[in-house]
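Close look at the chain arrangement
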Amino acid sequence: MASINHQASALKTGQVILLVLLYIFLYFPLLFITYDSFVHNIIWPFPPKWTLEWYQKLLGMSDFHAGLKNSFYIGLFTAIPATLFSTAAVIGLLKYRTRWRGGMILLYISPLFVPGLLIGISTLMFNANVMGMSGKLISAIIANTTEDIAFSFLVILAQLVRYDWRMDDAAMVFGATPAQVFWEVTLPTIWPAILGSFLVSFILAFNNLEISYYNLGAIPTLPTIAWGSLRHGIKPELFALATVINMLVFTAIASLFFLIQTGMVRFGYRGE
Amino acid sequence: MTGKQFLHSKDLKALALSLPGALFIIVFLFLPLATIVIYSFWRTESYTMIADWNLNNYLTILTTKTYLTFLFRSLTMSLAVSFICLVYSWPVAYYIAKYGGRYRLILTMLTAAPFFTGILLRVTAMQQILGPIGVVNMFLSNIGLKPLHFLMYSHYATAVGLVYLWIPFMVLAIYLSLLTFDFKLLDAAMINGASPLRAFWEVTLPLNWIGTCIGLALVFIPTFAATITPKFLGGVNGALYGNILAHQFGSTGTWALGAAMGVLMFTISLLFVFIVFKTVNLNRSGYTGKIAGE
C-alpha cells in the first residue's frame, strides 16, 4: 500500500508539472508579445528600450478606425441574436423536458463541428449566388451568429443545468404570470450566465478572421487589417493590438469571475 | 389534465423557445453547406458558377498529385496534433477535476482564456517565439549556440502552433467529462485488487471516452481545415490542404473546385468523427440512455 501511495504522489507531481508547463506554453507567447509591444528593440528585447511607438503606429494604421468600428458592430450584432436564441433554447429545453431535447442540443452544438474555413466559403457562395448579397457586414454577422450560437448555448447550458426550476413553479403557484416569473425569478438568477455567453460571442465574433474574411470582401475589420499587414512581415503594432485585446478579454473574464466568487451574484441558486 | 396532453404542452413550450435558433442554424449554416455540395458538381467559368453537372472537380482533386499530397499532409498533421493534444490533456484535465477543489473553475478557465485572443494574433505571438527572429532562436544565438532550423517555418512549427491553438478544447472536453465521473469507482477497483494503471484503463478511460472523443473531434476538425497557422508558421513549403482550398477563392476564382475540396474535407472530417465514435463501447461508457440533469 505504501508503494502505491508513493506512486500516486509521484503521479500527482507529474500532473502538476504538466499543468504548469501547459500554462507557460499558453501564456508565455502572449506575455512576451505584450512585453514586446512596449519596447523599441523587438528582435532581441533585452535590455528593453521602452517605447509607446507601436501603440501610436497602431492608431495611425490605415483603416484602423473603420476596422475597429466594423469589428465592434460584428461583435455586438452577433452577440445579441446568438445570446437571445441560445438563452431561449436552453430555458425551453431544461425547463420543459421534451423528447426532442437530445436532438435539439445536438443541433445547437453542431456548428462547433464545422470548421471556420468551411462556414466562410459556404456562406460566401450561398450569399453571393442564392441570396444575392455578398461583401456586406450583415452577411458576416449572420455567418458568425451561426457559429457563436453554439458557444453561447454551451456557456448558458453549463450554468443553467444547476438552476432549480421549482423556483419558477413556486412563483407560478403564488399567482405570477409566465412573464413575471421570467423577469422577477429566472432572469435575476441567471443573468450572469447570459452576460457570460454575450461576452463569449462578442469576443469570438470581434476577433473572427476566417468567417468574416470570406463574407466581407473589401470591408475592413481589425483581424482582416492585421491579416493584410502580416503578409508584409512582422508588424509590432499587431503586438500592441493583441495586448489591447488581451487586456479587454482579461478584464471581462476577471470581473465576471469576481462577481461570481464574491457572491455579489447568487448564481445557480438551488433554494436549499 | 391527462398525462399525454401534459407532455404535449411541454413539448410545444420547449419547441417554441428552441425552434427560432434551430431554424437560424438550419437556414444559415446547413443550407449553405448543402449548396456547396451542389456547387461542387458545377463548374466555374470566369468567376461565374455554371450549372453543368459533372464530376470533374472531384476527378481533378483525386488525380492531381499536388492536391493529394496536400490532403495527405493535412491528414497526417491533424492526426498527429489530435494525438498530442489527447495525450497531454488527459493528465492535466484529470488533475484539475480530481484535485482542483474550489480552484477547479479558475484552473479550467485559465486553459481556455487564450482562445479569446483570436487565432491570428495567437499565431503572431507564436511566430515571435519560434520564428527565425523569435525569442527561442535569438536566445540560442545570443549564448553562442546554433539556431534550431527545424523549429522555424517548418511543419514542426505548424504542429506546435496548432497544438497551441486547439489544446484548450481537448482539456475542456475531458475536464467536463471528468466532472460527472465518480472518482470513488477507482477506490472500488483498487480495493478489489486493480493496479492504478489497470483501474485507469478499465474504469476511468472507458467511462470518459465519449467526452474524449468529443475533444478529438473538436481538435481534429479545425486542424484539418487550418489555413492561418501553416501560412505563418509553416514557411515556403508549409502549405496544407486548407491553404490550397482557400486559394480557389482567391485570385484563381475557381469556386466550384473549391466547393468540391470543401466537401471532401468535410466528408473526411465526418469520417474521422464516425470512426472515433465507433470506438465507444456503450456498455462500458456509463451511458444510460439519458442526458445529464435528467
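Keep in mind that what you see is a predicted model, and the values were worked out from it rather than measured.

The next thing to look at is the overall build of chain A. Each helix and strand counted, chain A has 11 helices and zero strands in total. When its helices and strands are written in sequence order, chain A yields α-α-α-α-α-α-α-α-α-α-α. Counting every position in chain A, which comprises 272 residues, the buried fraction comes to 52%. Taking contacts inside chain A between residues at least 6 apart in sequence as the whole, the part at least 24 apart equals 73%. For chain A, the computed accessible surface area is about 12,500 Å², with 70% contributed by carbon and sulfur atoms. Charge centroids of chain A, computed over 15 positive and 12 negative side chains, lie 4 Å from each other.

A few words on the interface of chain B and chain A. Facing 90 residues of chain B, the contacting portion of chain A comprises 86 residues. Inspection of the chain B/chain A interface yields one salt bridge. Across the pair A:R99 and B:D11 runs a salt bridge, and its minimum N-O distance is 3.0 Å. For the pair chain B and chain A, the interface holds 14 residue pairs in polar contact (both at pLDDT 80 or more). No other element matches helix α1 (residues 3-39) of chain B, which puts 25 residues into the side of chain B that touches chain A. Grouping the constituent residues of the side of chain B that touches chain A by class yields 69 nonpolar, 15 polar and six charged.

A word on the packing of aromatic side chains. Overall, the coordinates contain 37 aromatic pairs over all chains when judged by the stated rule. Relative to A:Y214, the ring of A:Y213 has its centre 5.2 Å away and its plane inclined at 80 degrees; by these criteria the two rings are edge-to-face. A residue is classified by how much of its surface remains accessible, and A:Y214, at 11% relative accessible area, is buried. Ring-pair connections join several aromatic residues into one group, and the members of that group are A:F72, A:Y73, A:F77, A:F198, A:F202 and A:F206. The side chain of A:K12 reaches across the aromatic face of B:Y99, ending 4.2 Å from its centre. When the ring centre of A:W100 is taken as reference, the NZ or CZ atom of A:R99 above it lies at 4.8 Å.

This brings us to the confidence of the model for chain B. Averaged over all residues, the pLDDT of chain B equals 89, while 95% of them reach at least 70. The least confident element of chain B is strand β2 (residues 48-50) of chain B, whose mean pLDDT is 82; the most confident is helix α3 (residues 65-99) of chain B, at 96.

With that settled, the discussion passes to the nonpolar core. By size, the foremost hydrophobic cluster in this structure holds 167 residues, and its most contacted members are A:F153, A:L160, A:L241, B:L178 and B:Y241. Leave out the neighbours within four places in its chain, and B:Y241 touches B:Y67, B:F70, B:L71, B:S74, B:M261, B:L264 and B:M265. By size, the runner-up hydrophobic cluster in this structure holds five residues, among which are A:I74, A:I141, A:A205 and A:L216.

On to the packing of helix α7 (residues 166-173) of chain A against helix α8 (residues 178-207) of chain A, then. Residue and element names in this part refer to chain A. Here α7 crosses α8 at 145 degrees, and the two axes come no closer than 10 Å. The two elements α7 and α8 meet at a crossing, and its hand is right-handed. Contacts from M167, D168, A171 and M172 in α7 reach P178, V181, V185, T186 and T189 in α8. Residue composition of the contact of α7 with α8, grouped by class: six nonpolar, two polar and one charged.

What counts, and at which threshold
Residues numbered from 1 in each chain as written. Chains lettered and ligands numbered in written order. Predicted model: local features only at pLDDT ≥ 70, side-chain atom pairs only at ≥ 80, totals over all residues. Heavy atoms only, no water. Helix = DSSP H or I, 4+ residues; strand = E, 2+ residues; numbered from the N terminus. Buried < 20%, exposed > 50% of the residue type's maximum accessible area, 1.4 Å probe, protein only. Contact = heavy atoms within 4.5 Å. Areas by Shrake-Rupley, 256 points an atom, 1.4 Å probe, with all protein chains shown as cover. Lys, Arg positive; Asp, Glu negative; His and termini not counted. Charge placed at Lys NZ, Arg CZ, Asp CG, Glu CD. Salt bridge = Lys/Arg side-chain N within 4 Å of Asp/Glu carboxyl O. Polar contact = N/O pair within 3.5 Å; in protein donor to acceptor, adjacent residues only side chain to side chain. Nonpolar A, V, L, I, M, F, W, Y, C, P; charged D, E, K, R; others polar. Phe/Tyr/Trp six-rings, centres within 6.5 Å; stacked < 30°, edge-to-face > 60°. Lys NZ or Arg CZ within 6 Å of the ring centre and 35° of its normal. pLDDT = per-residue confidence, 0-100. Core = buried A, V, L, I, M, F, W, Y, C linked by side-chain atoms within 4.5 Å. Axes fitted to C-alpha atoms, helices over the stretch in contact; angles between N-to-C directions. Left-handed = near helix turned anticlockwise from the far one by under 90°.

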